[in-house]
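# Report on the structure
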Amino acid sequence: MVKGEFDSVSHSLSANARTWHWCDPKSRTMWVFGMRWLPVLGSKGQRAMQRNLRQQGFRWAVNHGGVVRLIGVQSSSDVTAVNRRAASAAVAFARAHPEGVHALCLEIPEVGFWLVASSQGSVLSDTDRWFDTLDEAEACLKALRDRYETIAYETLRWQVDDEQDQGLCPPFLQGGLHKQCRFSGLPTVHVDLPWVIFGLLALALAVFIVYTEWLSQEELPVISQNDPLPAQRPPVVRIHRAQSLEALVQAWQALPVDPEGWILEAVNCRIDQDTGLCKASYKRRLLTAHNEGLIRHIPDGWTFEPDSLDRASLKRAVNLPMQILAPHHRVSRVFGLTQLQRLSSRTAAIEVGSAKAGLYRAAPDEGVLNAGVEQAAMPEAMVSSRSVTIRVALRHFERVGQLSLPLRWHEADLAIVHGAQIDQIYGYLMLNLKGDWLDTN
């Protein structure tokens, strides 16, 4: 197996997907800490998302945000059911900070550390999460600090089990905002048959009227150039998540290095939006080696393809998660280049190209599908970008994940350097990445 340097790869920390409740004895509001936030575009996308959540068994949700709306639901299903008196603590924090970027790490003994952040009064969807330790929460906070240079951060410890402190809840829960943060019922998905019949009759009548009007016309109406054009869906661009490259690395881990007289030479992945098409190239190093010997070592998810007498390959498609390029993902050119400069001293090579404009189309990830948006209908958007090339030892792969840049990857290759000298920069397994840093204005 491709082990060794893989064993030292440090994956990014992920919080437990859990929810915790606290009932305010004064307002009788049940505050919900820890939710799942899903972005939607426009009223049509919001209705489609609500129907989708209802079909998944959710009955209550929180609507929040401006142009890009957020729909929040409980992080897990094994918690106390919410109702119309429940409210989101994250939304209360955001509404208590209508300007600037703010973050809070709230420690609740015997529960954990809750991290929430907001920008201009809107919850940052990657927060409202629970962590088991303060170090894990601060690791997530570091990514926020890299993204927002002026973020205001505070920590707070809340001993809710102490009866004397029951009234001393966090300040953002004391502002009387519970009515603006409450859950609302998701629309049902059943069909009212009488209304359907009435609608069909009305539609038939409308068609009849239009048809008779058309018969009375001698020529088709002319559309004036001054008539307003129909509204178009705003362009949506997507970027890769930090977990995207992790999915590739995890897929590589199962590859055999030297199975029965064969040897792995390289792994090449071409990334097309949310799919990585990977090819692992093998060379026959012993005359006694044959295809059947390599086939016996094919890992799950990979397929065998013979290339020649001495060469063969294993192929696999890997799904790469993507997300909407939201305003809070953007960074200034100075700050972005500073991040790459700091990383350059810990990698074998980094190259950054000059700014250019290009067309990018959205990828059909979960957010688009839930919003009911068809991929064919997604328009292309002109976005400024810079090419980025990074060469790093695979055992230091986590260093790339520390970048807080809106990136879209195009290639990810693994080179096996036989006889390499392993030091703080180079290694036996070298990772080569090529992509674009989007929206660098």
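What comes next concerns the included structure. Please read these numbers as outputs of a predicted model, since none were measured by experiment.

### Some remarks on the overall build of the protein
- Helix and strand content of the protein: nine helices and 23 strands.
- Considering only contacts within the protein whose residues lie at least 6 apart along the sequence, 71% involve residues at least 24 apart.
- A total accessible area of about 23700 Å² is found for the protein, and carbon and sulfur atoms account for 53% of it.

### Here's the deal with the pattern of salt bridges
- Applying the stated criterion to the full structure yields seven salt bridges.
- Between arginine 296 and glutamate 260 there is a salt bridge whose closest N-O contact spans 2.7 Å. Remark: glutamate 260 occurs in the loop between α5 (242–252) and β14 (262–272) and arginine 296 occurs in the loop between α6 (291–295) and β16 (303–306); sequence separation between them is 36 residues.
- The class of glutamate 260 is partly exposed, set by a relative accessible area of 36%.
- When the shortest N-O distance is used, the salt bridge between arginine 270 and glutamate 411 registers 4.0 Å. Of the two residues, arginine 270 is situated in strand β14 and glutamate 411 in strand β22 (residues 407–416); the sequence distance between them amounts to 141 residues.
- By relative accessible area, which is 40% here, arginine 270 ends up partly exposed.
- Linked by salt bridges that have partners in common, Arg270, Glu411 and Asp413 make up one network.

### Here's the deal with unusual backbone geometry
- A positive phi angle is found at arginine 28, which is not glycine, with a value near 60°.
- Here arginine 28 is to be found in the loop between β1 (20–23) and β2 (30–33).
- One non-glycine residue, glutamate 110, lies in the positive phi region at around 65°.
- Mapped onto the elements, glutamate 110 comes out in the loop between β7 (101–108) and β8 (112–119).

### What to know about the sheet that holds strand β6 (residues 86–88)
- Strands sit in the order β1-β2-β6 across an open sheet of three strands; the sheet is mixed. Each of the sheet's edge strands pairs with one partner strand only, and the pair in question is β1 and β6. For this sheet the average axis-to-axis angle between neighbouring strands, irrespective of direction, equals 30°.
- Here β2 runs beside β6; their pairing, made up of three bridges, is parallel. Along β6, the bridge assignment pairs methionine 30 with alanine 86.

### Observations concerning the environment of alanine 312
- One can find alanine 312 in strand β17 (residues 311–319).
- Residue class for alanine 312 comes out buried when judged on its relative accessible area of 1%.
- In this structure, alanine 312 is in contact with Trp262, Ala280, Ser281, Tyr282, Leu294, Phe304, Glu305, Pro306 and Asp307, ignoring residues within four places of it in sequence.

### Topic: the side chain of serine 88
- Within the secondary structure, serine 88 sits in strand β6.
- The exposure class assigned to serine 88 is buried, which follows from its relative accessible area of 0%.

### Quick notes on the nonpolar core
- Core analysis: the largest hydrophobic core is formed by 42 residues, its most contacted members being Leu248, Trp252 and Ile390.
- If you list the elements that add at least two residues to this core, you get α5, β14, β15 (275–284), β17, α7 (333–344), β21 (381–393), β22 and β23 (429–438).
- Setting aside residues no more than four positions away along its own chain, leucine 248 makes contact with Cys269, Ile271, Cys278, Val318, Leu320 and Ala412.

### As for the packing of aromatic side chains
- Counted according to the given criterion, the structure contains eight aromatic pairs.
- Ring geometry for tryptophan 20 against tryptophan 130: centres 6.1 Å apart, planes inclined by 75°, an arrangement best described as edge-to-face. With tryptophan 20 in strand β1 and tryptophan 130 in strand β10 (residues 129–131), this residue pair connects regions lying 110 residues apart in the sequence.
- The exposure class assigned to tryptophan 20 is buried, which follows from its relative accessible area of 17%.
- Taken together through their ring pairs, the aromatic side chains of Trp20, Trp22, Phe33, Phe93, Trp114, Trp130, Trp158 and Phe172 make up a single cluster.

Each value, and the rule that gives it
- Residues numbered from 1 in each chain as written.
- Predicted model: local features only at pLDDT ≥ 70, side-chain atom pairs only at ≥ 80, totals over all residues.
- Heavy atoms only, no water.
- Helix = DSSP H or I, 4+ residues; strand = E, 2+ residues; numbered from the N terminus.
- Contact = heavy atoms within 4.5 Å.
- Areas by Shrake-Rupley, 256 points an atom, 1.4 Å probe, with all protein chains shown as cover.
- Salt bridge = Lys/Arg side-chain N within 4 Å of Asp/Glu carboxyl O.
- Buried < 20%, exposed > 50% of the residue type's maximum accessible area, 1.4 Å probe, protein only.
- Pairing = 2+ DSSP bridges.
- Axes fitted to C-alpha atoms, helices over the stretch in contact; angles between N-to-C directions.
- Core = buried A, V, L, I, M, F, W, Y, C linked by side-chain atoms within 4.5 Å.
- Phe/Tyr/Trp six-rings, centres within 6.5 Å; stacked < 30°, edge-to-face > 60°.

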